[in-house]
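Spelled out, the chains give:
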Amino acid sequence: LYQQVAPLGDRRYYTSNTYGTEFYAYVSALKAENKGRPWRAEILPDTCVNDPFLYGTNGLSLFASPFPKASIAYFSDLGYPTNGVNSMQYKESTIVMDSLLSINHLLVRGNRVFDDRSRTLVSTGEETKHYVNRDALPFGFFACLNAGYLDGEVRPEDHFDVQNQLLAALGGEPDVLVKEAFVPWGQEGCYVEPSLDPYSFRVVREQGNSEWAFLVYDVPEDGIYYVSWEDVSVGITYSNGFIRDDQFFQLGGSKRGIGDVGFLEAGTKLHFRVNMSTDKAVDGVFRASVGRLDQAAWKKSREKLAAHPLRLDLFRSNAFSGTITAPEKGYLFLPTTGNPGWTFKVDGVVTEAETIGDCFIILPLSAGKHTVSAHFVPAGFAAGALMTATGLVIAGVLYWLKQYRKKRTREKAV
């Protein structure tokens, strides 16, 4: 029953296969190469909802009961599928978010069809490929004061706009992801019409009808493109599409997300379609749009954000330290989520961190050079350790009393 509600994948194929073996080999090499340094990798297509734990990739995807719920909503708005409580999943992404979150490696199975010109292919296995993201930003960099005001702004409705808003608030250029509109395909599929705005579509379909809702986009210029979608009320069960009429791609069963369709030439037709359950009639709305990467604006943004990095002298899973020179009053942006277990010090003074969207950590900085250190201890760890120690002492005393009574009983018997 749980598998039907929150599918975890077919565990028979998790690792007992050629691509699993190759993924483990990549990860082993990355761990050795980056010992004492931060690194992150993600896997496409995903094997389960927790691939970073399965393969040890330090990636974004997470499904953990104790993970704070507060940050999940922001991940959802950025375009990552979530369960609304304690899980977010990397099902595809943009080079913008990969770079902001320091995801510098992408491990893919060989059947991924896209022309990926955002990353560099560095290794090819029997069934897998290893790409490096040369644009990945450092683990920690200077962000301007606008980052602190982001929570007070209205969050846009579409994923590309939310990502643009975040990038601009950190200090990048506006509208790096240029949002453009699909139109209903009309030549096949069920009835689809434009709805409230150019990025919203109404679907009407009778009960028992299995036709998909088709959209199409005519690519106006060469570039790197993405697809964004979000269910409003149609009940999306699956999404996929075609590049031209021959290159098929899967986007999966998520109700929202971003799909990377790679480099497309001008004149290409990009088809996107969603499916709904046949159990009942459909009369609802979903949102979908195309995002084109403005490569000049992204290059300028990336250079600005990389200009003032946190230069690490220590990095472990639960602690790090380094120095950063802030060109003005602003923040240190850290590509990790807020948690009460973190303790931060700036120039040796304990400093309260803030968050963006109850999610990413930003640490206030004045202009100038600073030393920064951080240490993570799970909330309640001290109390838990004390209770454990107390329990061990009590168990020891009870054991001693039991042995003492046995000894006294034997002595009396003699």
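Note that the structure is a prediction, hence the values are computed from the model and not measured.

## Section: the overall build of the chain
Move 1: Each helix and strand in the chain was counted, giving nine helices and 26 strands.
Move 2: With the principal axes as the frame, the chain shows a C-alpha extent of 100 × 60 × 45 Å.
Move 3: Every one of the 414 residues in the chain was classed for burial, and the buried ones make up 49%.
Move 4: Sequence separation of at least 24 residues holds for 69% of the intrachain contacts in the chain that already meet a minimum separation of 6.
Move 5: On the chain, roughly 20100 Å² of surface is accessible, and the fraction owed to carbon and sulfur atoms is 53%.

## Observations concerning the nonpolar core
Here is a general trend for soluble globular proteins: nonpolar side chains tend to be buried in one another's company.
Move 1: If you look at the biggest cluster of nonpolar residues, it comprises 48 residues, and the most contacted ones within it are L100, L166 and L170.
Move 2: Per-element accounting of this core gives the leading share, six residues, to helix α7 (residues 159–170).
Move 3: In contact with L170, other than residues within four places in its own chain, are L100, F141, F142, A143, C144, A147, L305, F333 and I356.
Move 4: The next biggest cluster of nonpolar side chains, apart from the first, holds 28 residues, and it includes C190, F201, V261 and F286.

## A word on helix α8 (residues 295–306)
Move 1: Between its first and last C-alpha atoms α8 spans 16 Å; for twelve residues at 1.5 Å apiece the expected length is 16 Å, and the two agree.
Move 2: All of the buried residues along α8 are A297, W298, S301, L305 and A306. Seen from one end, α8 has its buried residues packed into an arc of 155°, which puts them on one side. Facing away from the buried surface of α8 by more than 90 degrees, the exposed residues are A296 and K299.
Move 3: Of the surrounding secondary structure, the elements contacted by the buried residues of α8 are α5 (95–100), β7 (141–143), α7 and β18 (282–293).

## Some remarks on the packing of aromatic side chains
Move 1: For the structure on display, the rule yields 21 aromatic pairs.
Move 2: On the numbers, 5.2 Å between centres and 75° between planes, the contact of F139 with F315 is edge-to-face. Of the two residues, F139 sits in the loop between β6 (128–132) and β7 while F315 sits in strand β19 (residues 311–316), which places them 176 residues apart along the sequence.
Move 3: Chaining the aromatic ring pairs together yields one cluster made of Y74, F75, Y80, F141, F333 and F360.
Move 4: Seen from the ring of Y19, R109 lies directly overhead, with NZ or CZ sitting 4.1 Å from the centre.

## Things to note about unusual backbone geometry
Move 1: With an omega of -15°, the peptide bond between L44 and P45 qualifies as cis.
Move 2: Turning to its location among the elements, P45 is positioned in the loop between β1 (41–44) and α3 (51–55).
Move 3: We note that D358 has phi near 55°; this positive angle belongs to a residue other than glycine.
Move 4: Position of D358 among the secondary structure elements: in the loop between β24 (354–356) and β25 (360–365).

## Quick word on empty space enclosed by the protein
Move 1: Taken as a whole, this structure holds three cavities of 30 Å³ or more when the rule is applied.
Move 2: As a volume, the largest cavity reaches approximately 50 Å³.
Move 3: Forming the boundary of the largest cavity are P81, K91, E92, W229, L251, S254, R256, G257, I258 and G259.
Move 4: Sorting elements by how many residues they give to the lining of the largest cavity places strand β16 (residues 256–264) first, with four residues.
Move 5: Looking at the lining of the largest cavity, its residues break down into four nonpolar, three polar and three charged.

## What to know about the sheet that holds strand β5 (residues 120–124)
Move 1: Pairing is mixed in the open sheet, where four strands are placed in the order β1-β4-β6-β5. Edge positions in the open sheet fall to β1 and β5, since each of these has one partner strand only. Taking the axes of each pair of neighbouring strands and ignoring which way they run, one obtains an average angle of 25° across the sheet.
Move 2: Pairing of strand β4 (residues 105–109) with β6 involves five bridges; the strand directions are antiparallel. Residue pairing across strands places H105 opposite V132, the latter belonging to β6.

Definitions and limits used
- Residues numbered from 1 in each chain as written.
- Predicted model: local features only at pLDDT ≥ 70, side-chain atom pairs only at ≥ 80, totals over all residues.
- Heavy atoms only, no water.
- Helix = DSSP H or I, 4+ residues; strand = E, 2+ residues; numbered from the N terminus.
- Buried < 20%, exposed > 50% of the residue type's maximum accessible area, 1.4 Å probe, protein only.
- Contact = heavy atoms within 4.5 Å.
- Areas by Shrake-Rupley, 256 points an atom, 1.4 Å probe, with all protein chains shown as cover.
- Core = buried A, V, L, I, M, F, W, Y, C linked by side-chain atoms within 4.5 Å.
- Expected span 1.5 Å × (residues − 1).
- Arc of directions from axis to C-beta.
- Phe/Tyr/Trp six-rings, centres within 6.5 Å; stacked < 30°, edge-to-face > 60°.
- Lys NZ or Arg CZ within 6 Å of the ring centre and 35° of its normal.
- 1 Å grid on protein atoms, 1.4 Å probe; cavity = no way out; pocket = protein on both sides within 12 Å on 5 of 7 lines; lining within 4 Å.
- Points joined across faces, edges and corners; volume = space filled by probe spheres on them.
- Nonpolar A, V, L, I, M, F, W, Y, C, P; charged D, E, K, R; others polar.
- Pairing = 2+ DSSP bridges.
- Axes fitted to C-alpha atoms, helices over the stretch in contact; angles between N-to-C directions.

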